[in-house]
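Remarks on the overall topology
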Amino acid sequence: MALSPKGRRGYAAGALALTVALTLTACGSETGSSSGTTSADTSAAGGGVKLVQPGKLTVCTNIPYEPFQFKDQSGKIVGFDVDIVDLAAKKLGVTQNIVDIDFAVIKSGAAMAAGKCDVAAAGMTITPERQQNIDFSVPYFDATQALLAKKGTGAKSLADVKAKNLKFGAQASTTGLKYAQDNGFDPTEYADSAKELLALQAGQADVIVQDLPVVLTWLKKPDVAAKFEMIASLDTGEQYGIGLKKGADPVLLKTINDEITKAKSDGTYEKIFMKWFDKKPGELG
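In this report, the structure presented in the accompanying data block is examined.

The rules behind each value
Throughout, residues of each chain are indexed from 1 in the direction in which the sequence is written. Local features in this predicted model are restricted to residues of pLDDT 70 or higher, and side-chain atom pairs are both shown and tallied only at a pLDDT of 80 or more, whereas totals for entire chains, interfaces and linings draw on every residue. Only hydrogens and water are removed before side-chain values are computed, so all heavy atoms of the structure are retained for them. Two strands are counted as paired when DSSP detects at least two bridges linking them. Think of it this way: any DSSP run of H or I at least four residues long counts as a helix, any run of E at least two long counts as a strand, and we number them from the N terminus. A fitted line through C-alpha atoms represents every axis, and for helices the fit uses only the stretch in contact; the resulting angles, taken between N-to-C directions, go from 0 to 180 degrees. Each residue is assigned to one of three classes by its accessible area relative to the maximum for its type, calculated with a 1.4 Å probe on protein chains only: buried under 20%, partly exposed between the two thresholds, exposed over 50%. Pairing of N or O atoms within 3.5 Å defines a polar contact, subject to two protein rules: one partner must be a possible hydrogen donor and the other a possible acceptor, and residues neighboring in sequence count only if both atoms are side-chain atoms. Roughly parallel means an angle under 35 degrees; roughly antiparallel means over 145; roughly perpendicular covers 65 to 115; every other angle is labelled oblique. Two helices crossing with the near one rotated counterclockwise from the far one by less than a right angle form a left-handed crossing, whereas a clockwise rotation gives a right-handed crossing. Residues are treated as being in contact if the distance between any of their heavy atoms lies within 4.5 Å. To estimate the expected span of a helix, count its residues, drop one, and scale the result by 1.5 Å. To get the bend at a given residue, fit one axis to the seven residues ending there, fit another to the seven starting there, and take the angle between those axes. Note on aromatic pairs: the rings of Phe, Tyr and Trp (six-membered ring only in Trp) are paired at centre separations within 6.5 Å, and the planes decide the class, stacked below 30 degrees, edge-to-face beyond 60, tilted for the rest. Note on criteria: charge over ring means Lys NZ or Arg CZ within 6 Å of the ring centre, with the direction from the centre no more than 35 degrees off the ring normal. Pairs of cysteine sulfur atoms within 2.5 Å are what we label disulfides.

Quick word on the sheet that holds strand 14 (residues 228-240)
Consider a sheet: its strands pair through backbone hydrogen bonds, and that pairing is either parallel or antiparallel. Strand order across the open sheet formed by 5 strands is 12-11-13-10-14, with mixed pairing between neighbours. The outermost strands of the open sheet, each flanked by one partner alone, are strand 12 (188-190) and strand 14. Going from strand to strand, the sheet's axes swing by 25° on average, the running direction of each strand aside. Examined bridge by bridge, strand 11 (residues 168-171) and strand 12 share 3 bridges and lie parallel to one another. The residue of strand 12 that forms the bridge with Ala170 is Glu189.

Some details on the environment of Asp86
Examined against the element boundaries, Asp86 turns out to sit in helix 2 (residues 80-92). Of the residues examined, Asp86 reaches a relative accessible area of 23% and is grouped as partly exposed. Sequence separation of Asp86 and Asn97 is 11 residues, and the distance between their C-alpha atoms is 9.9 Å. Among the polar contacts listed, one links the side chain of Asp86 to the side chain of Gln96, at a separation of 3.1 Å.

Some remarks on the packing of helix 2 against helix 11 (residues 250-266)
Interaxial distance between helix 2 and helix 11 falls to 9 Å at its minimum, and their mutual angle equals 120°. Between helix 2 and helix 11, the interaxial angle falls into the category oblique. Along this stretch, helix 2 crosses helix 11, giving a crossing that reads as right-handed. Contact with helix 2, carried on its side by Ile84, Leu87, Ala88, Lys91 and Leu92, involves Leu252, Thr255, Ile256, Glu259, Ile260 and Ala263 of helix 11 and no other residues of that element.

Description of helix 2
Residue pairs spaced three or four apart in an α-helix point in one direction, given the helix's 3.6 residues per turn. Helix length check: helix 2 (13 residues) gives 19 Å between terminal C-alpha atoms against 18 Å at 1.5 Å per residue, within 8%. Approximately 25° is the largest bend angle found in helix 2, and it occurs at Asp86. Buried within helix 2 are the following residues: Phe80, Asp81, Val82, Asp83, Ile84, Val85, Leu87, Ala88, Ala89 and Leu92. Immediately downstream of helix 2, the backbone of Gly93 shows phi near 75°, a positive value.

Overview of the packing of aromatic side chains
Using the criterion set out here, one finds 18 aromatic pairs in the structure. For the pair Phe80 and Tyr140, a centre-to-centre distance of 6.2 Å together with 25° between the ring planes defines the contact as stacked. Remark: Tyr140 occurs in the loop between strand 9 (134-136) and strand 10 (141-150) and Phe80 occurs in helix 2; sequence separation between them is 60 residues. When sorted by exposure, Phe80 lands in the same class as Tyr140, which is buried. A connected cluster of aromatic rings, assembled from ring pairs, spans Tyr65, Phe68, Phe80, Tyr140, Phe141, Tyr240, Tyr269, Phe273 and Phe277. Directly above the ring of Phe185 sits Lys162, whose terminal nitrogen or CZ lies 4.9 Å from the centroid. The lysine or arginine in question, Lys264, covers the ring of Tyr269, its NZ or CZ lying 5.4 Å from the ring centre.

Comments concerning the state of the cysteines
All told, the structure shown has 1 disulfide when counted by the stated rule. Each sulfur in the disulfide pair Cys60 and Cys117 lies 2.2 Å from the other. Residues Cys60 and Cys117 are joined through a disulfide that is left-handed, its torsion about the S-S bond being -110°. Placement of Cys60 in strand 4 (residues 56-61) and of Cys117 in the loop between helix 4 (110-113) and strand 8 (119-120) is noted, with a sequence separation of 57 residues between them. For Cys60, a relative accessible area of 0% corresponds to the buried category.

With respect to unusual backbone geometry
The omega angle of the peptide bond from Ile63 to Pro64 is 5°, so this bond is cis rather than trans. Considering the arrangement of structural elements, one finds Pro64 in the loop between strand 4 and strand 5 (70-71). The phi dihedral of Ser173 is positive, around 65°, even though this residue is not glycine. Within the fold, Ser173 resides in the loop between strand 11 and helix 7 (175-182). Overall, Ser173 belongs to the buried group, its relative accessible area being 18%.

Side note on the environment of Ile260
Along the chain, Ile260 falls in helix 11. The exposure class assigned to Ile260 is buried, which follows from its relative accessible area of 4%. Counting along the chain gives 175 residues from Ile260 to Val85, while the straight-line C-alpha distance between them is 8.8 Å. Those residues in contact with Ile260 that lie beyond four places of it in its chain are Ile84, Ser137, Val138, Pro139, Tyr140 and Ile242.

Concerning helix 11
Taking 1.5 Å per residue, 17 residues should reach 24 Å; helix 11 reaches 24 Å between its end C-alpha atoms and fits that length. Looking only at helix 11, the buried set comprises Leu252, Thr255, Ile256, Asn257, Glu259, Ile260 and Ala263. Those residues of helix 11 that are buried lie in contact with strand 4, helix 2, strand 8, strand 15 (243-245) and helix 12 (268-277). Of the residues flanking the start of helix 11, the one acting as N-cap is Asp249, its side-chain oxygen 2.8 Å from the backbone nitrogen of Val251. Following helix 11 by one or two positions, Gly267 adopts a phi angle in the positive range, close to 95°.

In short, shape yes, function no, at least from these values alone.
Okay, structure coming up:
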């Protein structure tokens, strides 16, 4: 989500966001947990890692963000990010518990600082601004942006979007939004990727910017492909990382880094990548 600073995403929200996270008992919905948690619920788990819930690696994310994290037909949260985090969870001998929470609270670091989760996996681009409030794992995904437009606009680039005065939309708190703003645009902001796509489908926007894998996943849906097309990819040079609390548990961080590195060397990463993108790493676009 890519920044504002997928993929996927923004600038640090600072003390205000942290205060909000600390005072709210819940900032979304949880999967696999019967009650909310706080930092007081920490306990030692596999390898001496302290987790906010015993026997569980609690992961903050923001859904839907297909194919990185979304609910399947049974209501289970699945996706590329889920499978990547599972590598570390299995190594620790715990299960993954996913918390669906507002992305702004994730990217600011407030969710983890408040003990809402152990890590964040939300298609989140590593940026200097975010690194002020979050520790990141080694990169696990090379990301870029794309423009999705209704067919017939004649636009093929950001310059065309401006020249044709097309209605432009972006997901709030993302690197896509920041990239557009840095290039002189003031897109209408939508709270999540689903609302952004709905705005395009409803004609509220002519063009939207979103992480390339998300756009490609949308275009696999016949109703989207029939009326919309990808008009450009934007090489923004982004990389996703798993987020952790600033000053993260070194054992937890090392476990995540080791499992990502191992998966890339033993073929596991490629299998997961093929599962969700139908292409090998480096072949997306």
